[in-house]
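Here is how the chains run, residue by residue.
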Amino acid sequence: MQKVIKDYIEKVLEKEVVLEKPKDISLGHFATPVAFSLAKEFRKSPLIIAEELALKFNDSEIFEKVEAVKGFINFKLSNGFLEKLSKEALSLGENFAKEDTKKESILLEYVSANPTGPLHIGHARGAILGDALARVGKHLGFEITREYYVNDAGAQMDMLGLSVSLAGRDFVLNEDVDYPETYYRGDYLIDIAKKIYELHGADIFHDETRFREMAVFAKDIVIEIITNDLKDAGIEFDNFVSEASLYDAWLDTKKVLLDNGSLYVKDEKLFLKSTLHGDDNDRVVVRENGVPTYLAGDIIYHKDKFDRGYDHYINIWGADHHGYIKRVHAAMEFLGNSSDRLEILLSQMVQLLKGGEPYKMSKRAGNVILMSDIVEEIGSDTLRFVFLTKKSDTHLEFDLDMLKNQDSSNPIFYINYAYARINQVFKKSEKSFDDVLDVSYENMNQDALNLVYESLLLPSVLEEAFAKRDMQKITDYLYNIASSVHRFYNEHRIVGNENQEQYLKVFSLCALSIRVGLNLLGIKAKEVM
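In this report, the structure presented in the accompanying data block is examined. (Residues numbered from 1 in each chain as written. Predicted model: local features only at pLDDT ≥ 70, side-chain atom pairs only at ≥ 80, totals over all residues. Heavy atoms only, no water.)

### Considering the overall build of the protein chain
To keep things clear, this is the line we draw: To qualify as a helix, a DSSP run of H or I must reach at least 4 residues; to qualify as a strand, a run of E must reach at least 2; elements of each kind are numbered from the N terminus. When a residue's accessible area, from a 1.4 Å probe over protein chains only, is under 20% of the maximum for its type it is buried; when over 50% it is exposed; and in between it is partly exposed. The contact rule is simple, with two residues in contact once any of their heavy atoms fall within 4.5 Å. We get accessible surface area from the Shrake-Rupley algorithm with a probe of 1.4 Å; when it comes to residues, only the shown protein chains can shield them. Charged-residue counts in this description rest on Lys and Arg as positive and Asp and Glu as negative, His and the chain ends being excluded. Each charge is placed at NZ for Lys, CZ for Arg, CG for Asp and CD for Glu.
Helix and strand counts for the protein chain stand at 19 helices and 14 strands. By principal-axis analysis of the C-alpha atoms, the protein chain measures approximately 85 × 60 × 35 Å. Across the 529 residues in the protein chain, those meeting the buried criterion constitute 53%. Partitioning the intrachain contacts of the protein chain with sequence separation of at least 6 by distance along the chain shows that 71% fall at a separation of at least 24. If you sum the accessible surface of the protein chain, you get close to 25,000 Å²; carbon and sulfur atoms cover 47% of it. Separation between the mean location of the 64 positive side-chain charges and that of the 86 negative ones in the protein chain comes to 4 Å.

### A short note on the packing of aromatic side chains
The test is simple: We call Phe, Tyr and Trp rings a pair once their centres come within 6.5 Å, taking the six-membered ring for Trp, and we label the pair stacked below 30 degrees between planes, edge-to-face above 60, and tilted otherwise. Throughout this description, the term charge over a ring refers to an Arg CZ or Lys NZ atom that lies within 6 Å of the ring centre and within 35 degrees of the ring normal.
Considering all chains together, one arrives at 24 aromatic pairs under this definition. A centroid spacing of 6.3 Å and a plane angle of 55 degrees characterise the contact between Tyr 8 and Phe 57, whose relative ring orientation is tilted. Within this pair, whereas Tyr 8 is found in helix α1 (residues 2-13), its partner Phe 57 is found in the loop between α3 (46-54) and β2 (63-69), the two being separated by 49 residues in sequence. The class of Phe 57 is buried, set by a relative accessible area of 3%. Three or more aromatic residues joined by ring pairs make a cluster, and in this case those are Tyr 8, Phe 57, Phe 63 and Phe 75. Here Arg 469 stacks its cationic end above the ring of Phe 466, 4.8 Å away from the centre of that ring.

### Side note on empty space enclosed by the protein
Rule in force here: With a 1 Å grid laid over protein atoms only, a set of points is called a cavity when a 1.4 Å probe fits there but cannot get out and a pocket when it is open yet has protein on both sides within 12 Å along at least five of seven lines; lining residues have an atom within 4 Å of a point. Grid points are joined across faces, edges and corners, and a volume is the space filled by probe spheres set on the points. Throughout, the ten residues Ala, Val, Leu, Ile, Met, Phe, Trp, Tyr, Cys and Pro are labelled nonpolar, Asp, Glu, Lys and Arg are labelled charged, and all others, Gly among them, are labelled polar.
Tallied over the entire structure, the rule returns two cavities of 30 Å³ or more. Lining the largest cavity, in full, are Arg 125, Leu 129, Phe 387, Leu 388, Lys 390, Lys 391, Ser 392, Arg 469, Asp 470, Met 471 and Gln 472. Here the lining of the largest cavity is composed, by residue class, of four nonpolar, two polar and five charged. Forming the boundary of the second largest cavity are Ser 26, Leu 27, Gly 28, Lys 65, Glu 67, Asn 74, Phe 75 and Lys 76. Every element with two or more residues in the lining of the second largest cavity is listed here: β2 and β3 (72-77). With three residues, β3 is the single largest residue contributor to the lining of the second largest cavity. Tallied by class, residues from the lining of the second largest cavity come to two nonpolar, three polar and three charged.

### What about the packing of helix α5 (residues 121-139) against helix α19 (residues 500-520)?
Put simply, the rule is: For every element, the axis is a line fit to its C-alpha atoms; helices are fit only across the contacting stretch, and the angle between N-to-C directions ranges from 0 to 180 degrees. Should an angle fall under 35 degrees it is called roughly parallel, over 145 degrees roughly antiparallel, and 65 to 115 degrees roughly perpendicular, with every other angle called oblique.
α19 packs onto α5 with a crossing angle of 125 degrees between their chain directions and a minimal axis gap of 8 Å. Compared by their axis directions, α5 and α19 come out oblique. Counted together, Ala 132, Arg 135, Val 136 and His 139 of α5 and Val 516, Asn 519 and Leu 520 of α19 form the full contact between these two elements. Across the contact of α5 with α19, the residue classes tally to four nonpolar, two polar and one charged.

### Re the sheet that holds strand β11 (residues 342-347)
Heads up, the condition is: Strands are treated as partners if at least two bridges between them are detected by DSSP.
Spatial ordering of the open sheet is given by β6-β5-β4-β10-β11, a layout of five strands whose pairing is parallel. The open sheet terminates on both sides in strands that have one partner only, identified here as β6 (239-242) and β11. Strand-to-strand twist in this sheet, taken as the mean axis angle between neighbours without regard to direction, amounts to 25 degrees. Bridge analysis of strand β5 (residues 143-150) against β6 gives four bridges, and the strand direction is parallel. Its bridge partner being in β6, Glu 147 is matched across the sheet by Asn 239.

### Looking at helix α2 (residues 34-42)
An α-helical turn contains 3.6 residues, so any two residues separated by three or four positions project in the same direction. The condition that has to hold: Think of it as the arc spanned by the lines of direction from the helix axis to the C-beta atoms.
Among the residues making up α2, those that are buried are Val 34, Ala 35, Leu 38 and Ala 39. Projected down its long axis, α2 carries its buried residues within an arc of 145 degrees, all on one side. Residues of α2 that are exposed and point over 90 degrees away from its buried face: Ser 37 and Lys 40. Here the buried face of α2 lies against α1, β1 (30-32), α3 and β3. Looking one or two residues past α2, Arg 43 carries a phi angle of roughly 55 degrees, positive in sign.

### A word on unusual backbone geometry
Although it is not a glycine, Ser 112 adopts a positive phi angle of roughly 45 degrees. Mapped onto the elements, Ser 112 comes out in the loop between β4 (105-109) and α5.

### A few points about the sheet that holds strand β13 (residues 357-358)
Judged by pairing direction, the sheet is mixed, and its three strands sit side by side in the order β13-β12-β14 without closing on themselves. What marks the edges here is a single partner per strand, and that holds for β13 and β14 (396-399). Taken together, the two bridges between strand β12 (residues 350-354) and β13 define a ladder with antiparallel strand orientation. Bridging from a neighbouring strand, Lys 354 pairs with Glu 357 of β13. Lying on the sheet, helix α14 (residues 380-387) is in contact with β12 and β14; it crosses β14 at an angle near 140 degrees.

### Observations concerning the pairing of β4
Side-chain positions along a regular strand alternate between the two faces of the sheet. Most of β4 is tucked away: five of the five residues are buried. Pairing of β4 with β5, which is carried by five bridges, proceeds in the parallel orientation. Counted as the bridge partner of Ile 106 is Ile 144 from β5. Pairing between β4 and strand β10 (residues 312-318): four bridges, direction parallel. For Leu 108, the partnering residue across the bridge sits in β10 and is Ile 314.

### Quick notes on the pattern of salt bridges
What counts is decided by this rule: For this analysis, a salt bridge means a side-chain nitrogen from Lys or Arg found within 4 Å of a carboxyl oxygen belonging to Asp or Glu.
Throughout the structure, instances matching the rule amount to 33 salt bridges. For Glu 377, the salt bridge is made with Lys 354, and the minimal N-O distance between the two is 2.4 Å. Here Glu 377, found in helix α13 (residues 371-378), pairs with Lys 354, found in strand β12; they are 23 residues apart in sequence, far enough to count as distant. Glu 377 sits in the partly exposed class, given a relative accessible area of 27%. What you see here is one network of salt bridges that share partners, running through Lys 354, Glu 377, Asp 401 and Lys 404.

Have a look at this one:
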């Protein structure tokens, strides 16, 4: 709707305009301050310019009223135009706000947790953001590939092999074990050790030359655990890329960087000149023992990404990876790729409470809160919604007990209740959504028209949310429209009212926006509560 209005206004005025939504809807549905930007060119007061430009819309069927107010031009949409847009939206159904025009291709990488244990609640935040971004982006016409980068090379794999060995010796062989300061822990490792014991016997746990073999075996099981946990939350991927599989390309990649002068040797280490692109320090890519660093793996992987020819690349990383942004951007520039095409979003950690107290760590995972435990306790829909109520780069704290409340303090309940309430009204009226598709908005009261307008804002909300990578704009919108539905229901008798048919059509439009909006967040609207 907003795009249609903006295009129409620009066509009439033959000027580009900024279109705003007044906080007070009684002033109009949209407004533009274009007169202020034209004051110097026209050598007139913005108030006079606004009055002159407003007259150009006198014969418009789109607007009921266009008036100049303190230099702004305010536009109030006509009932007929709102009715036309409503019928189009209702006819589209689940395709409402969907764009068929093919836009840029995007490789979206998220989660990419080390395959050394089940996902914890911090991983879940990036996973849910990535999945919601992919859903909304695809709805808007972007070609999106969802990718998980499996970090199955490097020190974490050595640590995984050691940890499986320790679990096997302690819990399978019942030996007295001296634990090092750092190792992975959790019941999942005991289960893996038992499987290894059944296949290979006891000696493998004491043979350091087979630790990598145990790590690879454990990695495959952990990846299966991770993918199952993600599926339980409605999250799937198109690609899984193994870090270990990419290292064959390191020598070629290193040669390119050496040939163009992007690397240098110091203290028997190989450094990337990342300070040339804004990094605080140059970074080591090969240690003195000849082993590539984690950054080398990132360079190979991102070169592989760019070689696949997408228009744009988005990574969702944990906030602890902030320092890697400039060094990876620098590497891409050195390899001849524009770092502007690589966008990195950071996901802050999450603090969980239960009854106002910190949530207890999972015994199965050792020292973290498992994503699967929270999904089991509150359900994936609730988890998804609450994780999207704040932008990912801000701190998030929530209480699980609050999310079990059946009132407005629990946002997903409140929204689902509005949707279920609409369905109950239709059931009571013995009408269906199709029955009211052609009902006229003539002489409709202002409260109902405001609900129509709010429901038709979904496309612009989705556009802005995706452009700003901020799914909070969608959760806020859904909460607000649910609040409007509840208020209208409490203030107006619907079934049996002389305006029943109009009200039912308005409610059907509200239901559509709620259903489509929730679906794009990976949540199915509840028809009955």
